[in-house]
Amino acid sequence: MSQLTSDDILSVANLARLKVDDNLAADYAKDISKILAMMDILSSVNTDGVAPLANIHESCQPLRQDTPTTDIDRNANQSVAPAVQDGLYLVPQVIE
């Protein structure tokens, strides 16, 4: 794939009726060229046997039991807080 130029960006911007600063067009061309190069790399990945996925929720999401655990040490976390009371973080009042 060839690199985009600032003229390409300005031409597309004109077609889309967008105003693009001439100085930024070169930066946009460079950034978009990088994205397109990544897409070329992705298109080279072998996806034979992989079913298309239209929505991430189509995939099976394994669920776990919603049971409390003691992974979080409240005392250790609150030891660095500026103000705590009765296990709660105290914050300044912002609404009167």
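- Looking at an unreviewed UniProt entry, one finds the protein named Aspartyl/glutamyl-tRNA(Asn/Gln) amidotransferase subunit C, with Moraxella porci DSM 25326 as its source organism.
- Its UniProt record, at the heading Subunit (unreviewed entry), says of the protein: "Heterotrimer of A, B and C subunits."

**As for the overall build of the protein**
1) Next: If you tally the helices and strands in the protein, you get 3 helices and 2 strands.
2) Next: Tracing the protein from N to C terminus, the helices and strands come up as α-α-α-β-β.
3) Next: Here the C-alpha atoms of the protein give a radius of gyration of 26 Å, more than 25% beyond the 12 Å that 2.2 N^0.38 yields for 96 residues.
4) Next: If one aligns the C-alpha atoms of the protein with their principal axes, the spans along those axes are about 65 × 50 × 25 Å.
5) Next: By the burial criterion, 7% of the 96 residues in the protein qualify as buried.
6) Next: Summed over all atoms, the accessible surface of the protein reaches about 9200 Å², with 56% contributed by carbon and sulfur.
7) Next: For the protein, the separation between the mean place of its 6 positive charges and that of its 14 negative charges on side chains is 4 Å.

**Here's the deal with the environment of D27**
1) Next: By the element assignment, D27 lies in helix α2 (residues 22–43).
2) Next: Residues D27 and T5, 22 residues apart in the sequence, show an inter-C-alpha distance of 9.4 Å.

The rules behind the values
- Chains are numbered independently. Their residues run from 1 in the order of the written sequence.
- Per-residue local features of the predicted model are confined to residues with pLDDT of at least 70, and side-chain atom pairs are confined, for both listing and counting, to 80 or more; whole-chain, interface and lining totals are unaffected and use all residues.
- With hydrogens and water excluded, all non-hydrogen atoms of the structure serve as input to the side-chain values.
- UniProt positions are given in the numbering used here, feature names are shortened, and annotations may be inferred rather than shown by experiment.
- The way it works is that DSSP assigns letters per residue, a run of H or I at least four long becomes a helix, a run of E at least two long becomes a strand, and they are numbered from the N terminus.
- Atoms counted for the radius of gyration: C-alpha only. Globule rule: 2.2 Å times the number of residues to the power 0.38.
- Working definition: with a 1.4 Å probe on protein chains only, accessible area under 20% of the residue-type maximum means buried, over 50% means exposed, and in between means partly exposed.
- Only the protein chains shown count as cover for residues, and the accessible areas themselves come from Shrake-Rupley with a 1.4 Å probe.
- All tallies of charge rest on Lys and Arg as positive and Asp and Glu as negative; His and the ends of each chain are not included.
- Lysine's charge is taken at NZ, arginine's at CZ, aspartate's at CG and glutamate's at CD.

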